[in-house]
Each structure stands twice: as C-alpha cells, then as structure tokens.
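# Observations on the three-dimensional arrangement
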Amino acid sequence: MLRPFWRMRRGMTLGAQGVVIDEQDRVLLVRHGYRPGWFFPGGGVEWGETLEDALLRELEEEVGVTLTGPPVLHGIFSNNANFPGDHIAVYLVREWSRAGEYRQKGEIAETGMFASDEVPALTDLGTRHRFAEIFDNAPLSARWKP
C-alpha cells in the first residue's frame with residue numbers, strides 16, 4: 001500500500017538490466033510469468049543499492065548469472081510509456097558464469113540465448129532497440145521505446 005502512494009509522490013523509479021552476452025554474441029533474454037514478451041534480465045533498484053548492486057542481485061536471483069568481470073554501462077533510458085518517471089540503466093555483461101539453466105520459478109517462465117538476428121517475435125520494443133544500438137550501431141536513444 002505504501003509503495004503505490006510512494007510511486008505517485010516520487011518523481012522517479014529506477015531499474016537495472018543486463019545484456020548478458022556469450023562468446024557467440026548471443027544474448028540472454030527472459031520471459032516473465034506475469035507479463036507477455038521477452039526482456040533483458042533485471043529489476044528495480046532497492047533503497048541503499050547502487051545500480052551495479054541491483055544488477056548483480058537481479059541477475060543472480062532471476063537467472064543464476066554471476067559476474068566475473070565488471071559490467072559496462074550502455075545507457076540510462078527514460079521509460080515513461082511504462083510509468084511516468086521510470087528509468088532503466090542497461091549494462092553490457094560479457095564476463096559471467098551460470099551454473100546450469102537456473103531461472104527463478106514463479107517469476108521467470110523461460111530463458112533463452114538469442115543472436116541479434118534471431119530475437120523472438122514477442123520481444124519488447126525497447127529491448128529490440130537496445131539490440132540495434134549494441135549490435136547494429138543504431139544511434140543511441142534516450143527513451144526506452146523511441
């Protein structure tokens with residue numbers, strides 16, 4: 001009950017997502033159990049966390065990914081279409097490990113590794129734009145869904 005009130009009174013929410021890339025330049029995507037489409041793994045930044053703290057926590061919790069090197073900030077994007085004041089920090093993650101095919105049951109319905117030219121049809125539009133920026137040298141946009 002306090003969170004919705006806080007969201008209405010607060011000017012901004014913040015999330016962190018990881019573009020987890022393997023040796024073949026495939027990217028790890030997730031499909032949630034509570035909304036349609038495919039997305040980069042990640043989630044909200046909690047009180048007292050840095051963006052990188054949230055990224056590390058969310059990758060571990062959602063998909064069992066442990067970073068073995070530093071993530072690289074790709075950009076911070078306004079996601080006002082989702083919620084006024086929402087922002088998403090997107091990190092490139094090239095140094096990582098994953099024990100098996102772990103996924104957080106109940107939240108993550110499915111995971112998969114996808115090449116940039118094999119992105120599933122139901123991939124979120126903002127996620128598709130980040131693919132184009134990272135792999136096709138498309139211009140960086142300040143908005144999640146330009």
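About the criteria used
Residues numbered from 1 in each chain as written. Predicted model: local features only at pLDDT ≥ 70, side-chain atom pairs only at ≥ 80, totals over all residues. Heavy atoms only, no water. UniProt positions renumbered as here; feature names shortened; annotations may be inferred. Helix = DSSP H or I, 4+ residues; strand = E, 2+ residues; numbered from the N terminus. Buried < 20%, exposed > 50% of the residue type's maximum accessible area, 1.4 Å probe, protein only. Contact = heavy atoms within 4.5 Å. Pairing = 2+ DSSP bridges. Axes fitted to C-alpha atoms, helices over the stretch in contact; angles between N-to-C directions.

As annotated in an unreviewed UniProt entry, the protein carries the name Nudix hydrolase domain-containing protein and is attributed to Methyloceanibacter marginalis. Its UniProt record gives the protein the following Cofactor (unreviewed entry) comment, quoted word for word: "Mg(2+)". You can read under Sequence similarities (unreviewed entry) in the UniProt record for the protein the words "Belongs to the Nudix hydrolase family."

Within the secondary structure, Glu107 sits in the loop between strand E8 (96-98) and strand E9 (108-114). Glu107 sits in the partly exposed class, given a relative accessible area of 22%. Each C-alpha atom, one on Glu107 and one on Val30, is 9.7 Å from the other, the two residues being 77 residues apart in sequence. What Glu107 contacts, discounting residues up to four positions off in sequence, is Arg31, His32, Gly33, Tyr34 and Glu62.

This part is about the sheet that holds strand E2 (residues 27-32). The three strands lie next to each other as E3-E2-E9, forming an open sheet whose pairing is antiparallel. Because the sheet does not close on itself, it has two edges, and the strands there are strand E3 (38-39) and E9. Across six bridges, the pairing between E2 and E9 is antiparallel. What sits directly across from Arg31, in E9, is Glu110. Lying on the sheet, helix H3 (residues 125-135) is in contact with E2, E3 and E9; it crosses E2 at an angle near 180°.

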